[in-house]
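Structural overview for review
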Amino acid sequence: MDTSKIEKTFVLEKQGVSDKLAQLLSDTSERYLNISSKILDYAKSRLPYKIDDHLYVALTDHISFAISRHKQGITLKNPLLWEIRKHYKLEYQVSLKALAIIQEETGILFGEDEAASIALHLVNSQLSGENMAEAVQVTEMVNNILNIVKYHFGMELDESSINYERFLTHLRFFAMRFIRKERVMETEDHFLFEQLNRKYPEAFRCSEKIQLYLEKSYNWEISKDEIIYLTLHIHRVTQRHQQS
């Protein structure tokens, strides 16, 4: 091998990822890996979390398939576009840059639906896994919980507030804990549980609705501590004039 012709070397930390990448490159163009590399280099400079190695494989495969579809005149709509653009703003902005990189490298300009799909891959990297369905499930769960809060209080939430950002962050990791089958440690703080029930009755009722939704939709029985956290966040995010 003439090592002088090597432009870039990929050092992947996870065992098995290199094999999957090699298998993928046997069926697709190395050009798509280079595009993925440019996108992920940019993503690493903008996102506050580590990019999972599996994303090199997943994104290269995704770009290859997207370009193949484009050449066949096939356009797919992303049903989660609105939610992704709204709830994962940073990942979505990175993905718009990804579209610019793809256009620069291939001459193909994709629309917002494709940006949303790439954003989901970035969200998925936080789950440290290969299953894209997990990122979709997190997005749907977060969106449904936010809708429960909106309908319960009959109000739109102030998405520019720090309390909304805190709530959104809590819900994302709340959903990720479900995906990972993790549970928070129970403190058995019955006093705080009952105190919040009395002090913030509407937020507490809303948390109970969320609890019912999770039980019916996911067979997930959340703990009292999780209800406490939800109640506190819901109270803060629904108080228009509360100081952050």
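Residues numbered from 1 in each chain as written. Predicted model: local features only at pLDDT ≥ 70, side-chain atom pairs only at ≥ 80, totals over all residues. Heavy atoms only, no water.

Within the protein chain one finds eleven helices and zero strands. When the elements of the protein chain are put in sequence order from the N terminus, they spell out α-α-α-α-α-α-α-α-α-α-α. Of all 244 residues assigned to the protein chain, the portion counted as buried reaches 49%. Element-wise, carbon and sulfur atoms account for 49% of the exposed surface of the protein chain, whose accessible area totals about 13400 Å². (Helix = DSSP H or I, 4+ residues; strand = E, 2+ residues; numbered from the N terminus. Buried < 20%, exposed > 50% of the residue type's maximum accessible area, 1.4 Å probe, protein only. Areas by Shrake-Rupley, 256 points an atom, 1.4 Å probe, with all protein chains shown as cover.)

The next subject is the packing of aromatic side chains. Inspection of every chain in the model, using the stated rule, returns five aromatic pairs. Here Phe178 and Trp220 contribute two aromatic rings whose centre-to-centre distance is 4.9 Å and whose plane-to-plane angle is 35°, an arrangement assigned as tilted. Note that Phe178 is positioned in helix 8 (residues 162–179) and Trp220 in the loop between helix 10 (201–218) and helix 11 (224–237), a separation of 42 residues in sequence. Taken as a pair, Phe178 and Trp220 share a single burial class, namely buried. Taking the centre distance of 5.9 Å and the plane angle of 90° together, the rings of Tyr213 and Tyr218 count as edge-to-face. Neither residue differs from the other here; Tyr213 and Tyr218 are each classed as buried. The structure contains a cluster of three or more aromatic residues connected by ring pairs, namely Phe174, Phe178, Tyr213, Tyr218 and Trp220. Between the NZ or CZ atom of Lys97 and the centre of the ring of Tyr42, over which it lies, the distance is 5.7 Å. Note that Lys224 overlies the ring of Phe193, its terminal NZ or CZ placed 5.0 Å from the centroid. (Phe/Tyr/Trp six-rings, centres within 6.5 Å; stacked < 30°, edge-to-face > 60°. Lys NZ or Arg CZ within 6 Å of the ring centre and 35° of its normal.)

Now for unusual backbone geometry. For residues that are not glycine, phi is negative in most cases, and the peptide bond is trans in most cases. Look at Asn219: it is not a glycine, yet its phi comes out positive at around 55°. Here Asn219 is to be found in the loop between helix 10 and helix 11.

Residues at a pLDDT of 70 or more form 81% of the protein chain, whose mean pLDDT is 82. Within the protein chain, no element has a lower average pLDDT than helix 1 (residues 17–25), which sits at 55, and none a higher one than helix 5 (residues 89–106), at 96. Low pLDDT, under 50, characterises residues 1–6; the stretch is placed with one contact to residues that sit more than four places away or in other chains. (pLDDT = per-residue confidence, 0-100. Contact = heavy atoms within 4.5 Å.)

One way to put it is that helix 10 packs onto helix 11 with a least axis distance of 8 Å and a crossing angle of 125°. Of the possible angle classes, the one that applies to helix 10 and helix 11 is oblique. In this structure, the crossing between helix 10 and helix 11 has a hand that is right-handed. Contacts between helix 10 and helix 11 involve Ala203, Phe204, Cys206, Ser207, Ile210 and Gln211 on the former and, on the latter, Ile227, Leu230, Thr231, Ile234 and His235. (Axes fitted to C-alpha atoms, helices over the stretch in contact; angles between N-to-C directions. Parallel < 35°, antiparallel > 145°, perpendicular 65-115°, else oblique. Left-handed = near helix turned anticlockwise from the far one by under 90°.)

We now examine the pattern of salt bridges. Taken as a whole and judged by the stated rule, the model has six salt bridges. The closest approach of N and O atoms between Lys86 and Glu159, which form a salt bridge, is 2.9 Å. A residue pair is termed long-range when its members are at least 10 positions apart, and Lys86 in helix 4 (residues 81–87) and Glu159 in the loop between helix 7 (132–153) and helix 8 qualify at 73 residues. Given the relative accessible area of 10%, Lys86 is considered buried. (Salt bridge = Lys/Arg side-chain N within 4 Å of Asp/Glu carboxyl O.)

This brings us to the nonpolar core. With 68 residues, the main nonpolar core has Leu122, Met141, Ile210 and Leu214 as its most contacted residues. Broken down by element, the residue count for this core peaks at nine residues, all from helix 8. Those residues within four positions of Ile210 in sequence are excluded, and the remaining contacts are Ile145, Ile148, Val149, Leu230 and Ile234. (Core = buried A, V, L, I, M, F, W, Y, C linked by side-chain atoms within 4.5 Å.)

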